[in-house]
Amino acid sequence: MNGVHDLGGMQDMGPIQYERNEPVFHAPWESRVFAMFLAAGAWRKWNLDAFRHAREVLPPADYLLVSYYEQWLSCFARFAGQEGIGQRG
Amino acid sequence: MTTKRRDFLTGSLSAAGAAMTANLAHGQEHPDHEHQSVPSDPTLRVKALESLLVEKGLVDRNALDALVDTYENKIGPRNGARVVARAWVDPAYKARLLADATSAIAELGYSSKQGDRMLVVENTKKVHNVIVCTLCSCYPWPVLGLPPVWYKSAPYRSRVVIDPRGVLREFGLELPEDVEVRVWDSTAELRYLVLPERPAGTQSLNEEQLAALVTRDAMVGVARVAPPEAGGKP
């Protein structure tokens, strides 16, 4: 599959934006998404491969434009929804 | 089909380029989110999701706090720096590290799912190694922690495999023509760590002082370890 995630060798993606003394997370919500994602591994219904697949089927424009942890959130929320986890009651 | 797909991709790339330009023009840190498929306020959405999972007993808030604390404060490039410093002072450890990195790294107490299999690649006067994950964001968590944004970004992932010298130059690292550059593309199953060259003038330093010189960028391979007089802090 040569989707947009297969970035190696693509051209004209612009300069590398290096951030000095970069924090591990750029906002508290990023750290919460990260932690929920890891904790959800214990449900044994969700793993790295499932996540990668979810990320790879994001619309190509979103893949390039949406920030990394927003992609995590989007993938995780979709997974939780599929499993009926995201519904109250 | 192929043509259509290419046209679509080209369109996407132009959109990304336009967003990047707009982004630079406005001096913002993140791209414009006008066309994204998730709501623009992730804070609220994440709070709602967390509350729901806690309410259902599917996650424990304390466990989440502990995970965040681990990756913000405990697991990071300091781990990798200790591995590198040990390899510099202990030839037998270095031999084990190059032969079976996973076990040698575990000897120092560093292991996890995200570094199940590790390969350490050694820089020499004639060979310079650099790591990337072109497909995703694979990175050796146990020794380097979580990857910086640039490592996960399209510009780095796309370009380091076709123009590594140009990319390294962008990081301020100019390699002589006679140095061979090797780029290692990580996968979820096999992750890499660069063993940088020990800088000159460090004979009198002990292991701990050496570890303090080793940076994350040097272990990814986008920098060299600077000698102490060039800004290192022994």
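The structure displayed is predicted, hence computed values, not measured ones.

Student: It is not clear to me how the overall build of chain A should be interpreted in this structure. Could you clarify?
Tutor: Regarding its fold elements, chain A presents four helices and zero strands. The N-to-C order of helical and strand elements in chain A reads α-α-α-α. For chain A, the spread of C-alpha atoms along the three principal axes comes to 50 × 35 × 20 Å. The buried share of chain A, reckoned over its 89 residues, is 53%.

Student: Would you mind going over the packing of aromatic side chains with me for this structure?
Tutor: The description of an aromatic ring pair uses the distance of the two centres, along with the angle that the planes make with each other. Evaluated as defined, the whole model comprises 24 aromatic pairs over all chains. Aromatic side chains Phe 25 of chain A and Phe 34 of chain A sit 5.4 Å apart centroid to centroid with 50° between the ring planes, which places their arrangement in the tilted category. In this pair, the class of Phe 25 of chain A matches that of Phe 34 of chain A, namely buried. With a centroid separation of 5.4 Å and an interplanar angle of 70°, the aromatic rings of Tyr 71 of chain B and Trp 141 of chain B are classed as edge-to-face. With Tyr 71 of chain B in helix α3 (residues 61-74) and Trp 141 of chain B in helix α7 (residues 141-144), this residue pair connects regions lying 70 residues apart in the sequence. By way of ring pairs, the aromatic residues Phe 25, Phe 34, Phe 37, Phe 51, Tyr 68, Tyr 69 and Trp 72 of chain A together with Tyr 71 and Trp 141 of chain B are connected into one cluster. Positioned above the aromatic ring of Tyr 93 of chain B, the side-chain terminus of Arg 86 of chain B is 5.9 Å from the ring centre.

Student: Can you help me understand the interface of chain B and chain A in this one?
Tutor: A common way to express how large an interface is: the accessible area buried when the components associate. In this assembly, 65 residues from chain B lie in contact with 57 residues from chain A. Carbon and sulfur atoms supply 66% of the area that chain B and chain A bury against each other, a total of about 5700 Å² over both sides. Connecting chain B to chain A are two salt bridges. The partner of Arg 32 of chain A in a salt bridge is Asp 65 of chain B, and the shortest N-O contact between them spans 2.8 Å. Where chain B touches chain A, the interface holds 13 residue pairs in polar contact (both at pLDDT 80 or more).

Student: Mind showing me how you'd approach the nonpolar core here?
Tutor: If you look at soluble globular proteins, the nonpolar side chains tend to sit buried side by side. Ranked by internal contacts, the top residues of the largest apolar core, which has 84 residues, are Trp 72 and Phe 76 of chain A together with Leu 97, Ile 105, Tyr 156 and Val 220 of chain B. Looking at this core element by element, the count peaks at eight residues for helix α4 (residues 68-82) of chain A. In this structure, this core is formed jointly by two domains, domain 1 (39-74) and domain 2 (76-220) of chain B, each of which donates at least three residues. Excluding its chain neighbours within four sequence positions, the residues that come into contact with Val 220 of chain B are Asn 129, Val 130, Ile 131, Tyr 139, Leu 144, Trp 150, Tyr 151, Tyr 156 and Val 194 of chain B.

Student: Even after reading the chapter, I still don't get the pairing of strand β2 (residues 127-132) of chain B, so can you show me in this structure?
Tutor: Consecutive side chains of a regular strand alternate in pointing toward one face of the sheet and then the other. Residues and elements named next belong to chain B. Judged by how many residues are buried, β2 sits mostly within the fold: six of six residues are covered. Examined bridge by bridge, β2 and strand β3 (residues 180-185) share six bridges and lie parallel to one another. Note on β3: the bridge partner recorded for His 128 is Val 181.

Student: Is there a simple way to think about the domain arrangement of chain B in this case?
Tutor: We note that the domain assignment places domain 1 (39-74) and domain 2 (76-220) within chain B. Each of domain 1 of chain B and domain 2 of chain B has a C-alpha centre, and the two are 31 Å apart.

Student: Just to check I follow, could you spell out the pattern of salt bridges for this structure?
Tutor: Think of it this way: side chains of opposite charge can pair up when their charged atoms draw near. A full pass over the atoms with the stated rule returns 14 salt bridges over all chains. For Asp 217 of chain B, the salt bridge identified is with Arg 216 of chain B, shortest N-O distance 3.0 Å. The residues Asp 217 of chain B and Arg 216 of chain B share a single accessibility class, namely buried. Each of the salt bridges in this network shares a partner with another, and the network as a whole consists of Arg 32 of chain A together with Glu 50, Arg 61 and Asp 65 of chain B.

Student: I tried to follow helix α2 (residues 48-56) of chain A on my own but got confused; where do I start?
Tutor: An α-helical segment advances 3.6 residues per turn. Residues three or four places apart therefore align on the same side. Inspection of α2 of chain A places Phe 51, Arg 52, Ala 54, Arg 55 and Glu 56 of chain A among the buried residues, and these make up the whole buried set. Where α2 of chain A is buried, its residues touch α1 (28-39), α3 (60-65) and α4 of chain A together with α9 (154-159) of chain B.

Thresholds, definitions, all that
- Residues numbered from 1 in each chain as written.
- Chains lettered and ligands numbered in written order.
- Predicted model: local features only at pLDDT ≥ 70, side-chain atom pairs only at ≥ 80, totals over all residues.
- Heavy atoms only, no water.
- Helix = DSSP H or I, 4+ residues; strand = E, 2+ residues; numbered from the N terminus.
- Buried < 20%, exposed > 50% of the residue type's maximum accessible area, 1.4 Å probe, protein only.
- Phe/Tyr/Trp six-rings, centres within 6.5 Å; stacked < 30°, edge-to-face > 60°.
- Lys NZ or Arg CZ within 6 Å of the ring centre and 35° of its normal.
- Contact = heavy atoms within 4.5 Å.
- Buried area = accessible area lost by both parts, 1.4 Å probe.
- Salt bridge = Lys/Arg side-chain N within 4 Å of Asp/Glu carboxyl O.
- Polar contact = N/O pair within 3.5 Å; in protein donor to acceptor, adjacent residues only side chain to side chain.
- Core = buried A, V, L, I, M, F, W, Y, C linked by side-chain atoms within 4.5 Å.
- Domains from an automatic or database assignment.
- Pairing = 2+ DSSP bridges.

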